[in-house]
Amino acid sequence: CTKANDSINALSSVWKRVTRSPCGDRSCRQNGSTIIILSNGALAIRDAIYENFGENSLVQSGIDIVLATTTHGAYKIDSDPREYYSRFRIMHAGEGSTFCTNAVFIDYFKSIGWDC
């Protein structure tokens with residue numbers, strides 16, 4: 001979870017953990033990681049990821065990028081340094097819609113009652 005302008009640095013910090021497909025492409029049932037970009041400016045972030053990590057490299061590795069944007073409101077709640085997981089507390093601040101480029105994710109969101 002990060003601001004759009006920090007996306008490349010955030011992805012770089014976990015890049016070694018991104019899973020590649022064992023087939024080296026999308027030809028087998030077991031794909032690589034799926035990177036979900038849920039942000040305003042998702043297209044620009046996707047383009048920056050392609051530029052920094054190589055579009056052909058991602059495609060050949062079976063790594064999928066799903067673009068999404070939402071009008072739901074949320075903000076991070078102050079964390080308590082004594083509680084490790086408190087840094088992940090988020091307050092849902094407003095209802096909205098979520099738009100996504102992947103049919104599997106759209107079907108899932110609809111199944112839990114989200115407007116997609």
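Just above sits the structure.
Focus on the packing of helix H1 (residues 7–14) against helix H2 (residues 42–53)
For any two helices packed against each other, one specifies the inter-axial angle together with the distance between the axes.
And then number 1: Interhelical geometry of H1 versus H2 gives an angle of 50° and a closest axis separation of 10 Å. Overall, the two elements H1 and H2 adopt an arrangement that is oblique. Here H1 runs over H2; the crossing is right-handed. Residue-level inspection shows Ser7, Ile8, Leu11 and Ser12 of H1 in contact with H2, the latter providing Ile45, Ala48, Ile49, Asn52 and Phe53.
And then number 2: Partitioning the contact of H1 with H2 into residue classes produces 6 nonpolar, 3 polar and no charged.

Here we look at a nonpolar patch on the surface
And then number 1: On the surface, Tyr84, Tyr85 and Phe88 cluster together into a nonpolar patch covering about 420 Å² of accessible area.
And then number 2: Along the polypeptide, Tyr85 turns up in the loop between strand S3 (73–76) and strand S4 (90–94).

Focus: the sheet that holds strand S1 (residues 34–38)
And then number 1: On the basis of which strands lie adjacent, the open sheet formed by 3 strands has the order S1-S2-S5 and mixed pairing. Since the sheet does not close on itself, it has two edges, and those belong to S1 and strand S5 (98–100), each with one partner. Adjacent strand axes in the sheet meet at a mean angle of 25°, parallel and antiparallel pairs treated alike.
And then number 2: As judged from the 3 bridges shared by strand S2 (residues 64–70) and S5, these two strands associate in the antiparallel manner.

What to know about the environment of Ile77
And then number 1: With respect to the helices and strands, the residue Ile77 is situated in the loop between S3 and S4.
And then number 2: On a C-alpha basis, the gap between Ile77 and Arg87 in space is 7.8 Å, while along the polypeptide they are 10 residues apart.
And then number 3: The contact partners of Ile77, leaving out residues within four places of it in the chain, are Arg89, Ile90 and Met91.

Cut-offs used in this document
Within every chain, residues take consecutive numbers counted from 1 along the sequence as written. Given that the model is predicted, a residue must reach a pLDDT of at least 70 before its local features are reported, and side-chain atom pairs must reach 80 or more before they are shown or counted; all residues, however, enter totals for whole chains, interfaces and linings. Calculated side-chain values reflect all of the structure's heavy atoms, with hydrogen atoms and water omitted. As a rule, the C-alpha atoms of each element are fitted with a line to give its axis, helices using only the stretch in contact, and angles between N-to-C directions run from 0 to 180 degrees. Put simply, DSSP H or I for four residues or longer makes a helix, DSSP E for two residues or longer makes a strand, and each gets a number counted from the N terminus. Any angle that is under 35 degrees is reported as roughly parallel, and any over 145 degrees as roughly antiparallel; angles of 65 to 115 degrees are reported as roughly perpendicular and all others as oblique. Note on convention: the crossing is left-handed when the near helix lies turned anticlockwise from the far helix by less than a right angle, right-handed when the turn is clockwise. By definition in these notes, contact holds between two residues if any of their heavy atoms fall within 4.5 Å. Nonpolar residues are Ala, Val, Leu, Ile, Met, Phe, Trp, Tyr, Cys and Pro. Charged residues are Asp, Glu, Lys and Arg, and all others, Gly as well, are polar. The patches reported here contain residues having more than 30% relative accessible area and no salt bridge. Joining distances are 9 Å for like charges and 5 Å for nonpolar side chains (Val, Leu, Ile, Met, Phe, Trp, Tyr). Exposure was quantified through the Shrake-Rupley algorithm and a 1.4 Å probe, taking into account, for residues, occlusion by the shown protein chains and nothing else. Salt bridges, as used here, are contacts in which a Lys or Arg side-chain nitrogen is within 4 Å of a carboxyl oxygen on Asp or Glu. Two strands pair if DSSP finds at least two bridges between them.

By themselves, these observations are geometric and do not establish any function.
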